[in-house]
Amino acid sequence: MTLLRHTSKEIKDRSALTINPAKTCQPVGAMYAALGIHGCLPHSHGSQGCCSYHRSMLTRHYKEPVYAGTSSFTEGASVFGGQANLLQAFQNIFEIYDPDVVAVHSTCLSETIGDDMPQIADKAVKEGKVPEGKVVVTASTPSYVGSHVTGFANMVQGMVKGLATKKDKKNGKINVIPGFVEPSDMGEIKRLCKLMDVPIILFPDTDGVLNGPLTGKHKMFPDGGVTVEELRDTANSMGTLALGEWGSSLAAKYLDSTHKVPCQILGLPLGLTATDSFIDALRKMAGKSVPAEISFERGQLVDVMKDYHQYLYRRKVALAGDPDQLIALTEFLVSLDMIPAHIVTGTPGKKFEERIREITKDVPYKVNVKVEGDMFMLHQWIKNDPVDLLIGNTYMKYIARDEDIPLVRHGLPILDRVGHQYFPTVGYKGGLRLLEKILDAILTRKDRDDPETSFELAL
Ligand code: SF4
């Protein structure tokens, strides 16, 4: 018996019903972003169910403890406002957990009743509920707008809105906003910038926070994360590179318009062409040349792309996930002569379809794209027009099993495998890893399906 046996082949237009969404709500993205500040406790201003769900989602994805406070709204607070809850929360949090920063985001409840979080935070400071030297930042993250990616972007903007402080002198650094990517990806971006000899401020930075070691000693606030000082200094950088329009452009534009830090918005540096664009932009903005080590890594990726091209050529792929990731993945698949046949994202944004159409304009195939689509839709497309490979999060495993198609796990959440927080998929090295995963899935299937007469030792 198939697990998704109620998914029909016949496609009917749906306007009100979403089934198996390809997104989740804003606060989880804001919580993830806040964890990328050193010494920060994220705080969810709403009822406590949201907070425990978002913590458990991140914990199951990272297999790491994820701490966050909540204003724990009751029915009374839901009617008369949550100011008293948040003021009490600040007092308790600083007394008991002693973070350097509390990053507050909202939920659909506090947004619907219209709580003014910056005003409440201000009141908390004036009443001495925020100790000297400690910091509060806020971001409005209504769950009925956008997705978790929007929440991430809002919190990243909240960081610079709350902290960026202009000085007379430039700091000689470049701000890099990595987008909604894994801690391993943030680590890889830092490594590439170091190889380029470019001093950067990377924010947020969850590397070392959600991929840390087991030492036998528990640290509520791990060593990683961008510091408050660095966030203040973002206003004095030479420029900002925002990686991924959906995840990073808000903060970059804010720094540009408010503090005159010029910004450039790029795609996520995933795959050959997108990594080239990132390295090139870094080179130009910092006035540096590309070192031999980076050219060597690029050459390795090109070598493997060429060596295995015959197994990838015209293979069809179905993808679901976040817009910045999907744009970069589609570009990578097209560069491998693969066919991104069906693509859905749950995150709204008109530009997404335009961008995908532009990337796939020379693909000899009718590509299905749905913005604010769901995995039910994706499954129906696959039933009508089967593919060779799926790329997406753990929820895709049901389609993979029912339709007997290999799945490469990529995106949020991955609940049943490890690796995403330790091994990057950005940069040339990350591209190599992603390519290895794609090839492994396709060649393992080939080994399973080939008749004995063509079951080859060497491929
Ligand atoms: S949709 Fe609203 S109620 Fe549900 S988890 Fe998100 S913030 Fe909470």
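Above: the structure in question.
Note that this is a predicted model, so its numbers are computed, not measured.

Peer 1: I tried to follow the packing of aromatic side chains on my own but got confused; where do I start?
Peer 2: Aromatic ring pairs are described here by two measures, namely the spacing of the ring centres and the angle between the planes. The final tally for this structure, using the stated rule, is six aromatic pairs. Residues Tyr-32 and Phe-180 carry aromatic rings whose centres are separated by 5.2 Å and whose planes lie at 15 degrees to one another, so their mutual orientation is stacked. Taken as a pair, Tyr-32 in helix H1 (residues 26–34) and Phe-180 in the loop between strand E5 (174–177) and helix H8 (183–195) lie far apart in primary sequence, 148 residues in all. Judged by relative accessible area, which is 0%, Tyr-32 ranks as buried. According to the relative accessible area criterion, Phe-180 is buried, its value standing at 10%. Within the aromatic cluster, the residues linked to one another by ring pairs are Tyr-32, Tyr-62, Phe-152 and Phe-180.

Peer 1: Can you help me understand the pairing of strand E3 (residues 101–106) in this one?
Peer 2: One face of the sheet, then the other: side chains in a regular strand alternate in exactly this way. With six of six residues buried, E3 is to be regarded as a mostly interior element. Of the two faces of E3, both are covered, the one formed by Val-101, Ala-103 and His-105 as well as the one formed by Val-102, Val-104 and Ser-106. Where strand E1 (residues 40–45) and E3 come together, six bridges link them in parallel fashion. What sits directly across from His-43, in E3, is Val-104.

Peer 1: What should I look at first to understand the sheet that holds strand E8 (residues 263–266) in this one?
Peer 2: Pairing between the strands of a sheet comes from backbone hydrogen bonds, and it takes one of two forms, parallel or antiparallel. Ordered by their spatial adjacency, four strands build an open sheet running E6-E5-E7-E8, and the pairing between neighbours is parallel. Of all strands in the sheet, those with a lone pairing partner are strand E6 (200–202) and E8, marking the two edges. Going across the sheet, the axis of each strand differs from the next one's by a mean of 20 degrees, ignoring polarity. Pairing of strand E7 (residues 239–243) with E8 involves four bridges; the strand directions are parallel. Its bridge partner being in E8, Leu-241 is matched across the sheet by Gln-264. Of the strands in this sheet, E5, E7 and E8 are in contact with helix H11 (residues 272–286), which crosses E7 at around 175 degrees.

Peer 1: Could you clarify how one ought to interpret helix H14 (residues 323–335) in this entry?
Peer 2: Every α-helical turn comprises 3.6 residues, leaving residues that sit three or four positions apart pointing alike. With 13 residues, H14 extends 18 Å from end C-alpha to end C-alpha; this agrees with the ideal 18 Å at 1.5 Å per step. Within H14, the full set of buried residues consists of Pro-323, Asp-324, Gln-325, Leu-326, Ile-327, Ala-328, Leu-329, Thr-330, Phe-332 and Leu-333. A positive backbone phi angle near 65 degrees is found at Asp-337, which sits one or two residues after H14.

Peer 1: Sorry if this is basic, but what is going on with a nonpolar patch on the surface here?
Peer 2: A grouping of Leu-3, Tyr-395 and Tyr-398 is seen on the molecular surface, where their side chains present a nonpolar patch of about 300 Å² in accessible area. With respect to the secondary-structure elements, Leu-3 resides in the segment before H1.

Peer 1: Quick question: what am I supposed to make of the nonpolar core here?
Peer 2: In a soluble, globular protein the nonpolar side chains are often hidden away together inside. Core analysis: the largest hydrophobic core is formed by 121 residues, its most contacted members being Phe-203, Phe-278, Leu-390 and Ile-438. What Phe-278 contacts, discounting residues up to four positions off in sequence, is Val-176, Ile-189, Leu-192, Cys-193, Leu-241, Leu-243, Leu-266 and Pro-269. Counting residues in each nonpolar core, the second largest holds 16 residues, with Leu-87, Ala-89, Ile-120 and Ala-124 among its members.

Peer 1: Got a minute to help me understand the site of the ligand in this structure?
Peer 2: Around the ligand lies a shell formed by Cys-25, Pro-27, Cys-50, His-54, Thr-107, Cys-108 and Ser-143. A class-by-class count of the residues in the shell around the ligand yields four nonpolar, three polar and no charged.

Peer 1: Explain the pattern of salt bridges to me, please; I cannot follow it from the model alone.
Peer 2: Across all of its chains, the model carries 31 salt bridges by this definition. Ionic pairing is found between Lys-190 and Asp-205, a salt bridge with its closest N-O pair at 2.8 Å. With Lys-190 in helix H8 and Asp-205 in the loop between E6 and helix H9 (228–233), the pair connects residues that are 15 residues apart, well separated along the chain. On the accessibility criterion, Asp-205 (7% relative accessible area) is buried. As a salt-bridge pair, Asp-388 and Arg-315 come within 4.0 Å of each other at their nearest N and O atoms. Highlighted residues: Asp-388 in the loop between helix H16 (375–384) and strand E12 (389–392) and Arg-315 in the loop between helix H13 (309–312) and strand E9 (316–321), separated in sequence by 73 residues. Under the relative-accessibility criterion, Arg-315 is labelled partly exposed at 25%.

Peer 1: Help me out: how do you make sense of the sheet that holds E3 in this one?
Peer 2: Judged by pairing direction, the sheet is parallel, and its four strands sit side by side in the order E2-E1-E3-E4 without closing on themselves. Strands with a single pairing partner mark the edges of an open sheet, and in this sheet they are strand E2 (69–70) and strand E4 (135–139). Alignment of E1 against E2, held across two bridges, turns out to be parallel. Residue pairing for E2: His-43 is matched across the bridge by Gly-69. The strands that helix H7 (residues 148–163) touches are E3 and E4; relative to E4, the one it contacts most, it runs at about 135 degrees.

Quick notes on the rules
Residues numbered from 1 in each chain as written. Predicted model: local features only at pLDDT ≥ 70, side-chain atom pairs only at ≥ 80, totals over all residues. Heavy atoms only, no water. Phe/Tyr/Trp six-rings, centres within 6.5 Å; stacked < 30°, edge-to-face > 60°. Helix = DSSP H or I, 4+ residues; strand = E, 2+ residues; numbered from the N terminus. Buried < 20%, exposed > 50% of the residue type's maximum accessible area, 1.4 Å probe, protein only. Pairing = 2+ DSSP bridges. Axes fitted to C-alpha atoms, helices over the stretch in contact; angles between N-to-C directions. Contact = heavy atoms within 4.5 Å. Expected span 1.5 Å × (residues − 1). Patch = residues over 30% accessible without salt bridge, like charges linked within 9 Å, V, L, I, M, F, W, Y side chains within 5 Å. Areas by Shrake-Rupley, 256 points an atom, 1.4 Å probe, with all protein chains shown as cover. Salt bridge = Lys/Arg side-chain N within 4 Å of Asp/Glu carboxyl O. Core = buried A, V, L, I, M, F, W, Y, C linked by side-chain atoms within 4.5 Å. Near = heavy atom within 4 Å. Nonpolar A, V, L, I, M, F, W, Y, C, P; charged D, E, K, R; others polar.

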